[in-house]
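Summary of the model geometry
Listed below are the residues making up each chain.
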Amino acid sequence: MIRLALITPVLLAACAMAPGTEGVRPAPVYEGVETSLLEGDLVQFHVSMRGAAVQEDLDNYAECAAAQYALIRDYGFARHVRTTMKQAGGSRTADAVYLISPSLPRGLRTIDAEVVVADCAANGIPTV
């Protein structure tokens, strides 16, 4: 029993963060966006990134791409249709579909493209 008590603190010390890194997570690496026009105003975005701490990071990246794409097409809004996510190793990918629109579309997950693009820039998230 005494040996176990001596080993446990050593194992816990090995799991501690390096000095000076408390609460600091590595910056995410945005690996790119592939865009495909599906039909009409439905657009598919394949996004990939490393270092996403939570699924929401990848959702935000896809939303930033959709907002910028809407602005490029002279539309002001988009509505999220669906997102499928995968993780392989340290990389996460998402396949997201948005409906872009010149006016505010019906639905719960709508975005104002200008507001979202500005927010993305303020948070360092790249767009298309």
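Look up a bit, the structure's there.
The following refers to the structure shown.

Reading the values: the criteria
Residues numbered from 1 in each chain as written. Predicted model: local features only at pLDDT ≥ 70, side-chain atom pairs only at ≥ 80, totals over all residues. Heavy atoms only, no water. Axes fitted to C-alpha atoms, helices over the stretch in contact; angles between N-to-C directions. Helix = DSSP H or I, 4+ residues; strand = E, 2+ residues; numbered from the N terminus. Parallel < 35°, antiparallel > 145°, perpendicular 65-115°, else oblique. Left-handed = near helix turned anticlockwise from the far one by under 90°. Contact = heavy atoms within 4.5 Å. Nonpolar A, V, L, I, M, F, W, Y, C, P; charged D, E, K, R; others polar. Buried < 20%, exposed > 50% of the residue type's maximum accessible area, 1.4 Å probe, protein only. Polar contact = N/O pair within 3.5 Å; in protein donor to acceptor, adjacent residues only side chain to side chain. Core = buried A, V, L, I, M, F, W, Y, C linked by side-chain atoms within 4.5 Å. Pairing = 2+ DSSP bridges.

**As for the packing of helix α2 (residues 55-72) against helix α3 (residues 113-122)**
Running from N to C, α2 and α3 cross one another at 130°; their axes reach a closest spacing of 8 Å. The orientation of α2 with respect to α3, classified from their angle, is oblique. The element α2 and its partner α3 pack so that their crossing is left-handed. Residues E63, C64, A67, Q68, A70 and L71 of α2 lie in contact with α3, whose contacting residues are A113, E114, V116, V117 and C120. Of the residues belonging to the contact of α2 with α3, the class tally is eight nonpolar, one polar and two charged.

**So, the side chain of Q44**
Relative to the helices and strands, Q44 is located in strand β2 (residues 42-50). The exposure class assigned to Q44 is buried, which follows from its relative accessible area of 13%. Of the polar contacts made by the side chain of Q44, one reaches the side chain of D95; its length is 2.7 Å. In contact with Q44, other than residues within four places in its own chain, are E34, T35, S36, L38, R82, D95, A96 and V97.

**Regarding the nonpolar core**
Core analysis: the biggest nonpolar cluster contains 26 residues, and F45, V47, L58, Y61, A67, Y98 and I100 have the highest contact counts within it. The set of elements that each furnish at least two residues to this core consists of β2, α2, β4 (91-101) and α3. Element by element, the count of residues in this core is highest for α2, at nine residues. Once residues lying within four places of it in the same chain are set aside, the contact partners of A67 are I111, A113, V116 and V117.

**Focus on the pairing of strand β3 (residues 77-88)**
As paired elements, β3 and β4 share eleven bridges and run antiparallel to each other. Among the inter-strand pairings, A78 is bridged to a residue of β4, identified as I100. Connecting β3 to the next strand, β4, in antiparallel fashion are two residues, including G89 with a positive phi near 65°. Of the pairings in the sheet, the one linking β3 to strand β5 (residues 110-112) comprises three bridges and is antiparallel in character. The residue bridging F77 from the neighbouring strand is D112, located in β5.

**Here's the deal with the sheet that holds β4**
Strand order in this open sheet of five strands is β1-β2-β4-β3-β5, and the pairing throughout is antiparallel. Every other strand in the sheet has two partners, leaving β1 (29-39) and β5 as the edge strands with one partner each. Ignoring which end each strand starts from, the neighbouring axes of this sheet average 30° apart. With nine bridges joining them, β1 and β2 adopt antiparallel strand pairing. Its bridge partner being in β2, V29 is matched across the sheet by R50. Sitting on the sheet, α3 is in contact with β3 and β5, with an inclination near 75° to β5.

These figures capture arrangement, not role.
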